[in-house]
Amino acid sequence: MNKKISVIIPTYNAEHFLSKTLDSVLAQTHLDLEVIVVNDASPDGTAVLLDRYTALDHRIRVVHKTKNEHVSCARNDALDLATGDYLLFVDSDDWIEPETCERALSTLEAYDADLVMWSYVREVGEDSRPKRFFDGEQIFDADAVREKLYRRMVGAYGEELAHPENADALCTIWGKLYRRELIEKNHTRFPDIRKTGTYEDGLFNLEVLRHVRKAVYLDEYFYHYRRSLDHSLSTYYKADLPQKWKYLFGLIRQHIHEHELDDTFSQALTNRIALSVISLGINEAENPAGAAAVVRSLRRILQDEEYRSAIHRLDLSPMPIHWKAYFTCARWGWAWGLYGLLLVIQRIRGR
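Everything numeric in this text was worked out from a predicted model, so none of it was measured.

The backbone phi angle of His70 is positive, close to 75°, even though this residue is not glycine. Here His70 falls in the partly exposed class, since its relative accessible area comes to 36%.

By convention here, two paired aromatic rings are described through the distance between centres and the angle between planes. Scanning all chains against the criterion turns up 19 aromatic pairs. Seen from their ring centres, Tyr120 and Trp174 are 5.0 Å apart, and the 85° between their planes marks the pair as edge-to-face. Of this pair, Tyr120 sits in strand β6 (residues 115-124) while Trp174 sits in the loop between α5 (142-154) and β9 (176-179), placing them 54 residues apart in sequence. Like Tyr120, the residue Trp174 is buried in the burial classification. Ring centres of Trp323 and Tyr326 lie 5.6 Å apart, and the angle between their planes is 80°; on these two criteria the pair is classed as edge-to-face. Here Tyr326 and Trp323 lie together in helix α14 (residues 321-332), a separation of three residues that amounts to about one turn. Residue class for Trp323 comes out buried when judged on its relative accessible area of 7%. Note on Tyr326: relative accessible area 1%, which makes it buried. Members of the aromatic cluster, each reached through a chain of ring pairs, are Tyr120, Phe133, Phe134, Phe140, Trp174, Tyr217, Tyr223 and Tyr225. Lying over the aromatic face of Phe190, Arg75 brings its terminal NZ or CZ to 5.2 Å of the ring centre. Note that Arg272 overlies the ring of Tyr199, its terminal NZ or CZ placed 4.1 Å from the centroid.

Look at helix α10 (residues 241-258) against helix α11 (residues 263-285): their axes get within 11 Å of each other, and the N-to-C directions meet at 165°. As far as their axial angle goes, α11 and α10 are roughly antiparallel. Crossing angle aside, the handedness with which α10 passes α11 is right-handed. Across from Leu241, Pro242, Trp245, Phe249, Ile252, Arg253 and Ile256 in α10, the residues of α11 making contact are Phe265, Ser266, Leu269, Arg272, Ile273, Ser276, Ser279, Leu280, Asn283 and Glu284. Of the residues contributing to the contact of α10 with α11, the split by class is 10 nonpolar, four polar and three charged.

About the criteria used
- Residues numbered from 1 in each chain as written.
- Predicted model: local features only at pLDDT ≥ 70, side-chain atom pairs only at ≥ 80, totals over all residues.
- Heavy atoms only, no water.
- Buried < 20%, exposed > 50% of the residue type's maximum accessible area, 1.4 Å probe, protein only.
- Phe/Tyr/Trp six-rings, centres within 6.5 Å; stacked < 30°, edge-to-face > 60°.
- Helix = DSSP H or I, 4+ residues; strand = E, 2+ residues; numbered from the N terminus.
- Lys NZ or Arg CZ within 6 Å of the ring centre and 35° of its normal.
- Axes fitted to C-alpha atoms, helices over the stretch in contact; angles between N-to-C directions.
- Parallel < 35°, antiparallel > 145°, perpendicular 65-115°, else oblique.
- Left-handed = near helix turned anticlockwise from the far one by under 90°.
- Contact = heavy atoms within 4.5 Å.
- Nonpolar A, V, L, I, M, F, W, Y, C, P; charged D, E, K, R; others polar.

Take a look at the structure:
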């Protein structure tokens, strides 16, 4: 199969994990690869490790940046250099199964699709937790792409609200093989994560999926997503996240308006704003300033008109009892109750 896949790996301070990532990519059964690694000015030993790999395998191309500009810019730099027929994104602390590229490429070409995606395994310490999106292999024609994938990048809708914690599970950039021609034709690039706070993957996929004619889901676990147990609260807490997400919501709202999307997209955005109170709450719970500061921040979020309005418009009927309790506290503006539930969520996430 004489088709080249460009594998894009942005990296920052990942010297302890990067070898496993690179080894998994270089061991692919599909050999026609170009591996573009963007070292985003890592101060650790990443540069030395990458230079060693470059000397061992001609398929690796490394960009050493002198200024840290974060993951969105690193990926965009790689996209500007990519020459493959297809694109695969891998994060620098994750790894993929040996047959990933071969199976994804053969599927994409067999169905003449623009996008192939698959399940993943969440690696938490020694614990592996498989994550699947659909029951069995799925083929999405243009209408199904719009209804089940494109709109999902805006937000969850209807019965999807039964699992708020999975609302963005489909939105990652990894775990997918893209037809590069589609991305270059529309010059799709990542928004600056320094402005949006997070969700650069979803915004990228929102633009891509608007043009996808056909997509395929493989019910196989090809990707391993590593979640480290070793992190500090001060590293993960983002005091400005609520305001950055307002900018993010504005970008999605603009996309809906510019492309004259229907009311399901608008309601999905409203649901996204409401469900964001989960992640915003988890973020605030990691504030090292203590419980009183956390509750004050939660109260400000719950009193903000945009968040408050979305919470009151959120359909709680599909949700299990614990999420109904969470959003009932949010509707009442009960910040202390919300904080108590967040402590429980933190303990569950840490298991």
